[in-house]
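# Chains, contacts and geometry: an overview
Take a look at the letters that make up each chain.
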Amino acid sequence: SPNAAVAPNFSAVTNSFEQDKLFGPLEKQDLEWTCAGGFATETQTWYTVLDDGSFATSQIIHSSVGLWYPQIQMTFKYFNPTTKEKIWKSVNVTKFAPQADKRSSKADQFSVTFSTSDNGDEKYTITANLDTDLQLSYSFQRPAAASGWKLGSGPKGGMSYFGTNPSSPDGYVVHRFWPTASSEGHIIAKGRAIDANGRGMFVHAIQGMRPNLVASRWNFANFQSKDLGGVSAIMMEFTTTSDYGFPLQQSSGTAPAAAGRETVTVNIGSVSVGGKLIAITASTKGGSSQDSIGSKSGVEHLDRTLDQDTGYEAPQSIRYTWEGPLLLPDAKGDVSNLVQGSIKVNLGKPYPQSETSGLVDKVDVLAEIPYMVRKLVNYVAGTKPYIYQTLNEVTLDLTLPEAYKGVGEDQGKVSVKGDLFEEHTFISS
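Residues numbered from 1 in each chain as written. Predicted model: local features only at pLDDT ≥ 70, side-chain atom pairs only at ≥ 80, totals over all residues. Heavy atoms only, no water.

The name given to the chain in an unreviewed UniProt entry is Oxidative stress survival, Svf1-like protein, and the organism recorded there is Violaceomyces palustris.

Listed below in structure tokens is the structure:
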């Protein structure tokens, strides 16, 4: 049709639910492995900051990206900011299979077992033999009081769709979270046991399209603190490529330019205090406008400067802003009862790496993925994905509404010290 060129071809999950309907409870099927074919990449990732301030993350990646057989990897990363010890392992696994409950999975190299206790706590137990000198034996438990969530309830909860027809999309993106979980057990590295007690989060994500078409940028924040009975603030944000988004309007008001579309930034997050989820946040931004639809939640890259390693203008500090209605039962998602949070993390210079504060890794993604996947993902010229990962001690400034009768807190402002693990990812210019 003549209007197809001007129709929006991206449907943001953050535009699909009103601010008082952001909480989508996780249902059993939400965390099941789908192992979809086509160009889907599905991941389960467990992040934790250990009691001694070290960081550990395990990830399973199921990627079909147009291959006859899916590629499945398990990755593990550990970083101790005091000793600067880093462990990084990526293993192509064999004989991967989801188990009968579709939430547990097994392969020759690992087993991940999902279980529920009588009181409603849920747990993943991870055992893995990733190398002669690296074994994992640890678990992640979500207390029943600490709800998991997706953005919006029902089968469309969490889903952003690509293409002009959401009922038959070109692709989709979805994230489902445990915003707070406790880890325990051991990481056995080079013959010694590292105590895996810590605080973390879990996310199950699916990108149902080639990754280079899904987004040009990603931001992820995971703040965890022991204060006030346990505080977490998490955020996931992506910006579309110019292939998908809102039509670009010409200055004359005529049809949009053929050069592409206005990118769209989708931002979702949550705040937990006292071990309970108290707010979910969501906003949508158009590429050229600074106005948010939804809330003022967002990520700002500040003091950007050229990184000679990557060719990208990387931030020297980042500000995260959370804003969403209080979720507690008596507040009923009332949009006048806003929870607000902000973190500013100072990262220093992106280049040289020794100048970056708390740098865990700067990952050249194409160097890490297997050759066949790299070939088939078919990154267009000029697409060079880099992930910056940092871990720093920061302060979360919270403003709680009067309706909140918190854990030993008067309503109003409170500052919480904790650990922030963040990733800022550049995929294309």
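On we go.
Let's shift gears to the overall build of the chain. Each helix and strand counted, the chain has three helices and 31 strands in total. Across the 429 residues in the chain, those meeting the buried criterion constitute 54%. Excluding contacts between residues fewer than 6 apart, the proportion of contacts in the chain whose partners are at least 24 apart in sequence is 62%. Accessible surface, the chain as shown: approximately 18200 Å² in total, 49% of it carbon and sulfur. (Helix = DSSP H or I, 4+ residues; strand = E, 2+ residues; numbered from the N terminus. Buried < 20%, exposed > 50% of the residue type's maximum accessible area, 1.4 Å probe, protein only. Contact = heavy atoms within 4.5 Å. Areas by Shrake-Rupley, 256 points an atom, 1.4 Å probe, with all protein chains shown as cover.)

This next bit is on the environment of Ile188. Mapping Ile188 onto the fold places it in strand 14 (residues 171-189). Classification of Ile188 as partly exposed rests on a relative accessible area of 26%.

Under the counting rule described, the total for this entry stands at 21 aromatic pairs. Judged by centre distance (4.8 Å) and plane angle (35 degrees), the rings of Tyr47 and Phe220 are tilted. On the criterion of sequence distance, the pair formed by Tyr47 in strand 3 (residues 40-50) and Phe220 in strand 17 (residues 217-225) is long-range, its members being 173 residues apart. Here the two residues Tyr47 and Phe220 agree in accessibility, since each one is buried. Aromatic rings pair up to connect Phe10, Phe162, Trp218, Phe238 and Tyr244 into one cluster. A cation over a ring is seen here: Lys77 above Trp88, with NZ or CZ 4.7 Å from the ring centre. (Phe/Tyr/Trp six-rings, centres within 6.5 Å; stacked < 30°, edge-to-face > 60°. Lys NZ or Arg CZ within 6 Å of the ring centre and 35° of its normal.)

This paragraph deals with the pattern of salt bridges. Summed over all chains, the structure comprises 14 salt bridges. With a closest N to O distance of 2.7 Å, Glu32 and Lys28 form a salt bridge. Overall, the relative accessible area of 13% leaves Glu32 in the buried class. For Lys28, a relative accessible area of 53% corresponds to the exposed category. Close ionic contact of Arg192 with Glu85 constitutes a salt bridge, the shortest N to O distance being 2.7 Å. (Salt bridge = Lys/Arg side-chain N within 4 Å of Asp/Glu carboxyl O.)

Looking at the secondary structure, you find Ser183 in strand 14. Within the structure, the side chain of Ser183 is placed 2.6 Å from the backbone oxygen of Ala196, a separation counted as a polar contact. Not counting the four nearest positions on each side in its chain, Ser183 is found in contact with Thr48, Leu50, Ser139, Phe140, Ala196, Asn197, Gly198 and Arg199. (Polar contact = N/O pair within 3.5 Å; in protein donor to acceptor, adjacent residues only side chain to side chain.)

Before going further, it helps to spend a moment on the nonpolar core. If you look at the biggest cluster of nonpolar residues, it comprises 35 residues, and the most contacted ones within it are Phe10, Trp149, Leu151, Phe162, Phe177, Trp218 and Phe238. The contact partners of Trp218, leaving out residues within four places of it in the chain, are Val173, His175, Gln207, Met236, Glu237, Phe238, Glu423, His424, Thr425 and Ile427. Listed in part, the 33 residues of the second largest apolar core include Met74, Ala128, Phe140 and Trp178. (Core = buried A, V, L, I, M, F, W, Y, C linked by side-chain atoms within 4.5 Å.)

Residues in a regular strand point their side chains to alternate faces of the sheet. Taken across its nine residues, strand 27 (residues 317-325) has seven buried, putting it largely inside the fold. With five bridges joining them, strand 24 (residues 298-302) and strand 27 adopt antiparallel strand pairing. Looking across to strand 27, one finds that His301 is bridged to Ile318. Two elements, strand 27 and strand 28 (residues 338-346), share nine bridges in a ladder whose sense is antiparallel. Bridge pairing links Ile318 to Val345 in strand 28. (Pairing = 2+ DSSP bridges.)

Turning to the side chain of Lys77, a few remarks are in order. By secondary structure assignment, the location of Lys77 is in strand 5 (residues 71-79). Among the polar contacts made by the side chain of Lys77, one reaches the side chain of Asp361 at a distance of 2.8 Å. Leave out the neighbours within four places in its chain, and Lys77 touches Phe55, Ala56, Thr57, Ile87, Trp88, Val360, Asp361, Val363 and Gln389.

Across the junction of Tyr351 and Pro352, the peptide omega takes the value -5 degrees, indicating a cis bond. By the element assignment, Pro352 lies in the loop between strand 28 and strand 29 (359-364). A positive phi angle, near 65 degrees, is found at Lys84, a position not held by glycine. For Lys84, the position within the fold is in the loop between strand 5 and strand 6 (86-92). When its relative accessible area of 58% is taken as the criterion, Lys84 is described as exposed.

Glancing now at the environment of Ser357. Tracing the sequence through the fold places Ser357 in the loop between strand 28 and strand 29. Take Ser357: its relative accessible area is 29%, and that puts it in the partly exposed class. Sequence-wise, Ser357 and Asn392 are 35 residues apart; in three dimensions their C-alpha atoms are separated by 7.4 Å. Apart from the residues lying within four places of it in its own chain, the contact partners of Ser357 are Asn346, Leu347, Thr390 and Asn392. Here Asn392 takes part through its side chain, which lies 2.8 Å from a polar atom of the side chain of Ser357.

What follows covers the environment of Thr284. As for its placement among the helices and strands, Thr284 is situated in strand 22 (residues 276-286). We classify Thr284 as buried; its relative accessible area is 0%. A distance of 2.6 Å separates polar atoms of two side chains, one belonging to Thr284 and the other to Asn15.

Take the pairing of strand 16 (residues 198-208) next. In terms of burial, strand 16 is a largely internal element, nine of the eleven residues being buried. Bridging between strand 3 and strand 16 involves eleven bridges; their strand directions are antiparallel. Residue pairing across strands places Thr45 opposite Val203, the latter belonging to strand 16. Pairing geometry for strand 14 and strand 16, over nine bridges, is antiparallel. The partner of Arg176 across the bridge, within strand 16, is His204.

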